[in-house]
Amino acid sequence: MKQPTFLNAALRLLALCGLPLLLVQCVNTAEKNEADTSQEEAVTEAPVHKAADPLERGEELYISYCKICHGAEGVAGPMSDLLKVTPPDLTKIAARRNGEYPEALIFDIVKGNKELKGHGGAMPVWGETFRESENLKTEAEVDAEIRKVVAYLKTLQES
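Every residue gets a number counted from 1 within its own chain, in the order that chain's sequence is written. Residues qualify for local features only when their pLDDT is at least 70, as the model is predicted, and side-chain atom pairs are given and counted only at 80 or more; totals for whole chains, interfaces and linings, by contrast, use all residues. Water and hydrogen atoms play no part in the side-chain values, which are based on all heavy atoms of the structure.

Along the backbone of the protein there are 8 helices and 2 strands. Labels follow the DSSP assignment, with helices taken as runs of H or I lasting at least four residues and strands as runs of E lasting at least two, numbered in each case from the N terminus. What you see in the protein, going N to C, is helices and strands ordered as α-α-α-α-α-α-β-β-α-α. Buried positions account for 35% of the 159 residues belonging to the protein. Summarising the internal contacts of the protein: among those between residues at least 6 apart in sequence, 54% fall at separations of at least 24. Accessibility throughout is a Shrake-Rupley quantity obtained with a 1.4 Å probe, and a residue counts as covered only by protein chains that appear here. Carbon and sulfur atoms make up 56% of the accessible area of the protein, which amounts to about 10,000 Å² in all. Type-normalised accessible area, obtained with a 1.4 Å probe on protein chains alone, sets the label of each residue: buried when under 20%, exposed when over 50%, and partly exposed for intermediate values. Here, two residues are considered to be in contact whenever any of their heavy atoms come within 4.5 Å of each other.

Here the focus is the packing of aromatic side chains. Two aromatic rings, taken as a pair, are described by how far apart their centres are and by the angle between their planes. Ring pairs are drawn from Phe, Tyr and Trp, using the six-membered ring of Trp, whenever the two centres fall within 6.5 Å, and their geometry is named by plane angle: stacked under 30 degrees, edge-to-face over 60, tilted for the rest. Scanning all chains against the criterion turns up 2 aromatic pairs. Between Tyr62 and Tyr152, the aromatic rings sit 5.5 Å apart at their centres with planes inclined by 50°, giving tilted as the arrangement. Of this pair, Tyr62 sits in helix α4 (residues 54–65) while Tyr152 sits in helix α8 (residues 139–155), and the two are 90 residues apart along the sequence. Here Tyr62 matches Tyr152 in class, with each residue buried.

So, about unusual backbone geometry. Of note in this structure, Asn98 is not a glycine but carries a positive phi near 55°. Here Asn98 lies in the loop between α5 (67–70) and α6 (103–111).

So, on to the nonpolar core. Ranked by internal contacts, the top residues of the largest apolar core, which has 22 residues, are Tyr62, Tyr101, Ile106, Phe130, Ile146 and Leu153. Per element, the largest residue contribution to this core is 6 residues, and it comes from α8. To define a nonpolar core, start from buried Ala, Val, Leu, Ile, Met, Phe, Trp, Tyr and Cys residues and group those joined through side-chain atoms within 4.5 Å.

A few words on α6. For α6, the set of buried residues is Ile106, Phe107, Ile109, Val110 and Lys111. Turning to α6, the residues buried within the fold contact α7 (126–133) and α8. Trailing α6 by a residue or two, Gly112 shows a phi angle of about 105°, which is positive.

Below you can see the structure in the form of structure tokens.
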């Protein structure tokens, strides 16, 4: 049965805009609405990190932000079929580069320093998202979180 035009358009819009970004915004809005603290108190809150180990934290961030498009194992997530451009297999980053894992390039892609075509446009810029949703205060904190994701992605590489 063919989907109604409105539903089809809505699914395309979600795919174009990036459902993960939409979900992060929804969660942020809900948290802000439920918070009893003032804006000043929220700004002074420390980041909340469940995992202390850098690789565990990288996995935690990956699961929260990347899994929906790239899948738990880095191959294909539940959103991948709805996107115009299929997300790349993250287990083959090094294999596509003669066995070398390009940490600096992956860092730039995740942070948003290097535009990546996908989702009908650019991949969501996680540097900006991490700053807001993880309550990070400085660029150094953002970079540290992204490096943890990059390190985690290295562990997903096929041998």
